[in-house]
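Residues per chain are reported as follows:
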Amino acid sequence: MTSVTVGVLALQGDFREHAAALERLGAAVRLVRTPDDLAEVDALVIPGGESTAIGKLADWHGLVGPLRERIDAGLPALGTCAGMIFLASSTVEGTGQVQLGVLDVMVRRNAFGRQVDSFEAEIPVVGLEDPVHGVFIRAPWIEKVGAGVEILAELEGRPVMVRQDSIIATSFHPELTADGRLHTLLLDMIREG
Ligand code: GLN
């Protein structure tokens, strides 16, 4: 797929791992730090990390408006963990952190319990034959979904992967495994136009 450029929002968090995962699939990657970078990409990954930091940095870099516009206009997007929180409309905590509000869900941050900061679990995903190995690190779950949101995976009865039009979001970190299937879903959305 040489003609396709996938952006990875590279303000904070594990953007290098996402870039590597995409390159393994043959995509050209552009790290996105400015509105000009964003204008050049055909899809966007928002990595895991710390969602409050990503929000503040996006604001400082003048990216919040351009990100909302492009994703609302159908730019395929994949948000993982903090990336999911940044895409979402609101958090249960309601602390007013910067969020894009393009994904109609309310998330609960650090939802699986502070005593278990990280864990791994096999996650069956709608549309995939074999489960995904989910790496959860201080992960959010989805507390409420809007009408247009499809739940693709759950853990303990809580949504941990959703899709709304051309936005996919996961509580876990596919970029920390060798499994390229979720990044492939993003590339497929570009092809589907
Ligand atoms: N707990 C982080 C947050 O609230 C997310 C953790 C992660 O991305 N691994 O932003």
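On a predicted model such as this, the values are computed, not experimentally measured, just so you know.

Some words on the overall build of the chain
Phase 1 of the analysis: Helix and strand counts for the chain come out as six helices and twelve strands.
Phase 2 of the analysis: Relative to the compact-globule value of 16 Å for 193 residues, the chain shows a C-alpha radius of gyration of 15 Å, a close match.
Phase 3 of the analysis: Here the C-alpha coordinates of the chain stretch approximately 40 × 40 × 30 Å along the principal axes.
Phase 4 of the analysis: Among the 193 residues that make up the chain, the fraction classed as buried is 51%.
Phase 5 of the analysis: Of the contacts made within the chain by residues no fewer than 6 positions apart, 64% connect residues no fewer than 24 positions apart.
Phase 6 of the analysis: As displayed, the chain has an accessible area near 8,400 Å², and 48% of this comes from carbon and sulfur atoms.

A word on the nonpolar core
Buried together is how nonpolar side chains tend to be arranged in soluble globular proteins.
Phase 1 of the analysis: In terms of nonpolar packing, the biggest core is built from 34 residues, with Val-6, Ile-123 and Phe-136 touching the most fellow members.
Phase 2 of the analysis: Those elements that place two or more of their residues in this core are strand S1 (5–9), helix H1 (15–24), strand S3 (43–46), strand S7 (118–123), strand S8 (132–137), strand S10 (150–155), strand S11 (158–164) and helix H6 (181–192).
Phase 3 of the analysis: At five residues, the largest contribution of residues to this core is made by H6.
Phase 4 of the analysis: If we skip the residues at most four places from it in the chain, Ile-123 touches Pro-131, Val-132, Gly-134, Phe-136, Ala-153, Leu-155, Val-160 and Phe-172.

Basis of the calculations
- Residues numbered from 1 in each chain as written.
- Predicted model: local features only at pLDDT ≥ 70, side-chain atom pairs only at ≥ 80, totals over all residues.
- Heavy atoms only, no water.
- Helix = DSSP H or I, 4+ residues; strand = E, 2+ residues; numbered from the N terminus.
- Rg over C-alpha atoms; globule rule 2.2 N^0.38 Å.
- Buried < 20%, exposed > 50% of the residue type's maximum accessible area, 1.4 Å probe, protein only.
- Contact = heavy atoms within 4.5 Å.
- Areas by Shrake-Rupley, 256 points an atom, 1.4 Å probe, with all protein chains shown as cover.
- Core = buried A, V, L, I, M, F, W, Y, C linked by side-chain atoms within 4.5 Å.

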